[in-house]
Amino acid sequence: MELLERFAAGDLEAFEALFRQHQKEVYFWIVRIVRDSGIAEDLTVETFWRIYRARDRFHPAGNFRAWARRIATNAALDHLRTTRCEIELPEDLASAGAADPAVRRETREQIQQAFFQLPAKYRLVATLALIEEEPYDKIAEAVGISAALVKVRVFRGVRILRKKLNSLGAEVGAK
Amino acid sequence: MSNEENNKEIKGLLKTAIAPLKDPELRRDLWPQMLQKLSQQPARVPWFDWALAAILSAVLLLFPGAIPALLYHL
């Protein structure tokens with residue numbers, strides 16, 4: 001019996017094999033959304049827990065990687081929804097904040113503050129599309145929406161971000 | 001300003017503040033944590049236990065006089 005069939009049948013060893021094969025990839029996907037390594041580790045475990053509970057619904061002929069990414073995205077989105085108003089800089093971002101020393105620290109902080117205040121669904125697609133530069137198709141598949149809707153969400157996220165930055169006094173170009 | 005230019009400008013601004021994560025390393029194997037979470041799963045109550053409880057509740061509701069007899073036998 002194939003690994004995915006054994007997993008779908010509830011075989012724990014098959015699940016362990018799949019976990020070890022995919023944990024890095026799932027973690028890599030999540031950490032780029034939540035931008036905190038500790039939270040990403042917890043969410044990786046949460047993702048696989050959801051995968052294990054939903055094993056009955058998985059078709060062994062299906063794409064496990066895409067299915068896992070979709071569940072990971074939902075777990076990360078749930079996290080963003082509960083921590084929406086948190087504007088403190090996560091540990092991974094603290095070092096990333098030094099990306100461009102030419103930009104004033106105050107401006108960087110304003111951008112971060114505005115970004116972390118975005119509604120979760122916009123923040124998710126904006127992070128993946130604008131910062132991580134993932135293709136729209138891949139984001140669409142992971143979120144479970146069309147690529148056109150991803151574009152709409154990116155556009156709306158940018159519009160909200162621009163308004164927030166303007167209200168914070170940051171100099172941003174045309175509206 | 002077109003949408004493309006709009007996105008490009010914001011993308012540039014965002015990247016000055018939040019740099020992309022190039023190769024985030026997973027620092028440890030998460031399987032032990034996974035096993036711990038699996039072992040914490042609440043035990044599932046079999047469907048026939050729920051059915052038995054439902055039948056018992058229905059009987060007690062329909063025949064309240066059976067309650068003393070039940071208590072006597074417990």
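This structure is a prediction, so every number in the text was calculated from the model and none was measured.

> Sorry, what's going on with the packing of helix H7 (residues 120-131) of chain A against helix H9 (residues 147-168) of chain A here?
Working note: a packed helix pair is described by the angle between its axes plus the distance between those axes. All names here are of chain A. Contact geometry of H7 with H9 gives a least axis separation of 8 Å together with a crossing angle of 100 degrees. Taken as axis vectors, H7 and H9 run roughly perpendicular relative to one another. Along its contact with H7, which presents Lys-121, Tyr-122, Arg-123, Val-125, Ala-126, Ala-129 and Leu-130, the element H9 presents Val-150, Arg-153, Val-154, Arg-156, Gly-157 and Ile-160. Residues that form the contact of H7 with H9 fall into these classes: eight nonpolar, one polar and four charged.

> How should the packing of helix H4 (residues 64-82) of chain A against helix H8 (residues 136-143) of chain A be read in this particular structure?
Residues and elements named next belong to chain A. Contact pair H4 / H8: the axes reach a minimum separation of 7 Å and the direction vectors enclose 75 degrees. Compared by their axis directions, H4 and H8 come out roughly perpendicular. Here H4 contributes Ala-66, Arg-69, Arg-70 and Thr-73 to the contact with H8, which in turn contributes Glu-141, Ala-142 and Val-143. Looking at the contact of H4 with H8 residue by residue, the class counts come to three nonpolar, one polar and three charged.

> Where do I start with the environment of Ala68(A) in this structure?
All names here are of chain A. The residue Ala-68 is located in helix H4 in this model. On a C-alpha basis, the gap between Ala-68 and Glu-25 in space is 9.5 Å, while along the polypeptide they are 43 residues apart. Other than its neighbours up to four places away in sequence, Ala-68 contacts His-22, Val-26, Thr-47 and Ile-51.

> I keep staring at helix H3 (residues 37-53) of chain A and nothing clicks. Help me out?
What sets the pattern is the α-helix's 3.6 residues per turn: residues three or four places apart point alike. A rise of 1.5 Å per residue sets the reference length of H3(A), with its 17 residues, at 24 Å; its end C-alpha atoms lie 24 Å apart and thus fit the reference within 8%. Residues of H3(A) that are buried include every one of Ala40(A), Leu43(A), Thr44(A), Val45(A), Glu46(A), Thr47(A), Phe48(A) and Ile51(A), and no others.

Definitions and cut-offs
Residues numbered from 1 in each chain as written. Chains lettered and ligands numbered in written order. Predicted model: local features only at pLDDT ≥ 70, side-chain atom pairs only at ≥ 80, totals over all residues. Axes fitted to C-alpha atoms, helices over the stretch in contact; angles between N-to-C directions. Helix = DSSP H or I, 4+ residues; strand = E, 2+ residues; numbered from the N terminus. Parallel < 35°, antiparallel > 145°, perpendicular 65-115°, else oblique. Contact = placed C-beta atoms within 7 Å. Nonpolar A, V, L, I, M, F, W, Y, C, P; charged D, E, K, R; others polar. Expected span 1.5 Å × (residues − 1). Buried ≥ 20, exposed ≤ 12 C-beta atoms within 10 Å, placed from the backbone.

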